[in-house]
Amino acid sequence: MPFGSASSSLAEGTKILLMIKFHFTFDKTRKSQNLKKRILKKYTNSPPKISNVIIVAGGDGYMLQSLKKYMKFKKPFYGINCGTYGFLMNSYFSGNLENKIFKAKKTVINPLQITGFNNKIYKKDLIAVNEISLFRQTKQTASLKLEIGKRTLIKKLIGDGVLISTPAGSTAYNLSVHGPILSLNSGRLAITPISPFRPRRWKGKIVSNKVKIKLTNLDPIKRPVAAVADNIEIRNIKTLNIKVNKKINLNLLHDPARSLVKRIKVEQLRRHFS
């Protein structure tokens, strides 16, 4: 079978490759659009509903958008890096795409499910693959309460904000604010403060991905805060309820040499020896 498991025979594998259908989505950057011209000369762009794989050409930000847009079709995603770093992506396209998909390693990611309420009790549901951050909107520092299940973790966190990261996102914004890098199968989430003023030396906490996390703005009028789920922002947040949604399985395909597990391990080693 394709997508990371071994074929029982060469004939079976060839048959599968001939049957595979792709849906392509391209970012608007010049590099993505140049690739679009090349790829669509060779491949048919099938509708996502009948495709076997969603091919995403762009950077990490475009991949995050595409995961949310197409997750309802329950198809695996293969990213081609047309951006800069491209942590979630594979190398820029070359060679036979069918063979790349056939040999790819699959990683399953469960995203964060976030329910936010603003000052007017307006409810908003969001999904985050990498992280959800709560950040001050004005010159005033944020004043936040953090709860884990029925337990209060921090009564009052004063600072620029706080970030909740999945293992897949722990090498992104979380790492830039000195949060821990989580192994992909750790079953953990990272709670990391952003420029904490009080408690000044609090470094954050690693928690189980089975717990529910609640963030409350203690002073929403004087100290408004905004929530950003990957690349979607909602403002004037009063409370956020966060949990991992294990009913949503996002399947990412990577070339064996660039699997997500390997890339996270490389980042862990870099931090250890830096």
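Data block above holds the structure.
Residues numbered from 1 in each chain as written. Predicted model: local features only at pLDDT ≥ 70, side-chain atom pairs only at ≥ 80, totals over all residues. Heavy atoms only, no water.

*Asks:* Even after reading the chapter, I still don't get the overall build of the protein chain, so can you show me in this structure?
*Replies:* Within the protein chain, the regular secondary structure consists of six helices and 16 strands. For 274 residues, the compact-globule formula gives about 19 Å, and the C-alpha radius of gyration of the protein chain, at 20 Å, lands near that figure. For the protein chain, the C-alpha atoms occupy an extent of roughly 65 × 40 × 35 Å along the three principal directions. Contacts in the protein chain between residues at least 24 apart in sequence constitute 67% of all its contacts with a sequence separation of at least 6. (Helix = DSSP H or I, 4+ residues; strand = E, 2+ residues; numbered from the N terminus. Rg over C-alpha atoms; globule rule 2.2 N^0.38 Å. Contact = heavy atoms within 4.5 Å.)

*Asks:* What am I meant to see in the layout of surface pockets here?
*Replies:* A probe matching the size of a water molecule, rolled over the atoms, marks out where space remains unfilled. Of the voids in this model, the largest pocket is the one considered here, and its volume is about 220 Å³. For the largest pocket, the lining is made up of 13 residues, of which Val 108, Asn 110, Pro 167, Leu 184 and Asn 209 are closest to its centre. Those elements that place two or more of their residues in the lining of the largest pocket are β4 (105–109) and β10 (188–198). Tallied by class, residues from the lining of the largest pocket come to seven nonpolar, five polar and one charged. (1 Å grid on protein atoms, 1.4 Å probe; cavity = no way out; pocket = protein on both sides within 12 Å on 5 of 7 lines; lining within 4 Å. Points joined across faces, edges and corners; volume = space filled by probe spheres on them. Nonpolar A, V, L, I, M, F, W, Y, C, P; charged D, E, K, R; others polar.)

*Asks:* What am I meant to see in the packing of aromatic side chains here?
*Replies:* Two measures describe an aromatic ring pair: the distance that separates the ring centres and the angle between the ring planes. Throughout the structure, instances matching the rule amount to six aromatic pairs. Here the aromatic rings of Phe 24 and Tyr 43 are separated by 6.0 Å at their centres, their planes lie at 45 degrees, and the arrangement is tilted. With a gap of 19 residues between them, Phe 24 in strand β1 (residues 22–26) and Tyr 43 in the loop between α2 (30–42) and β2 (53–58) connect regions that are remote in the sequence. With a centroid separation of 6.1 Å and an interplanar angle of 25 degrees, the aromatic rings of Tyr 85 and Phe 87 are classed as stacked. On the accessibility criterion, Phe 87 (6% relative accessible area) is buried. (Phe/Tyr/Trp six-rings, centres within 6.5 Å; stacked < 30°, edge-to-face > 60°. Buried < 20%, exposed > 50% of the residue type's maximum accessible area, 1.4 Å probe, protein only.)

*Asks:* Just checking my understanding: could you explain the pairing of strand β11 (residues 205–208) for this structure?
*Replies:* A regular strand places its side chains so that they alternate between the two faces of the sheet. Here β10 pairs with β11 via four bridges, running antiparallel. Bridge pairing links Ala 190 to Ile 206 in β11. Here β10 folds back onto β11, and the loop between the two strands holds six residues, one of which, Gly 204, carries a positive phi near 105 degrees. (Pairing = 2+ DSSP bridges.)

*Asks:* How should I be thinking about a positive patch on the surface in this particular structure?
*Replies:* A surface patch of positive charge is lined by Arg 198, Arg 200, Arg 201 and Lys 203. Following the sequence through the fold, Arg 201 ends up in the loop between β10 and β11. (Patch = residues over 30% accessible without salt bridge, like charges linked within 9 Å, V, L, I, M, F, W, Y side chains within 5 Å. Areas by Shrake-Rupley, 256 points an atom, 1.4 Å probe, with all protein chains shown as cover. Salt bridge = Lys/Arg side-chain N within 4 Å of Asp/Glu carboxyl O. Lys, Arg positive; Asp, Glu negative; His and termini not counted. Charge placed at Lys NZ, Arg CZ, Asp CG, Glu CD.)

*Asks:* Sorry, what's going on with unusual backbone geometry here?
*Replies:* In most cases, non-glycine residues show a negative phi, while peptide bonds are predominantly trans. Arg 198 connects to Pro 199 through a cis peptide bond whose omega is -10 degrees. As for its position among the elements, Pro 199 is in the loop between β10 and β11. Its identity as a non-glycine residue notwithstanding, Asn 236 has a phi of 55 degrees, on the positive side. Following the sequence through the fold, Asn 236 ends up in the loop between β14 (232–234) and β15 (237–244). On the basis of relative accessibility, which here comes to 34%, the residue Asn 236 falls in the partly exposed class.

*Asks:* I'm lost on α2 in this one. Help?
*Replies:* Residues that lie three or four places apart on an α-helix share one face, since the helix turns once every 3.6 residues. In this model, α2 (13 residues) spans 19 Å end to end at C-alpha, consistent with the 18 Å of a helix rising 1.5 Å per residue. Listed as buried for α2 are Ser 32, Leu 35 and Ile 39. Each element contacted by the buried residues of α2 is listed here: β1, β2 and β3 (77–81). (Expected span 1.5 Å × (residues − 1).)

The values are spatial; any link to function lies outside them.
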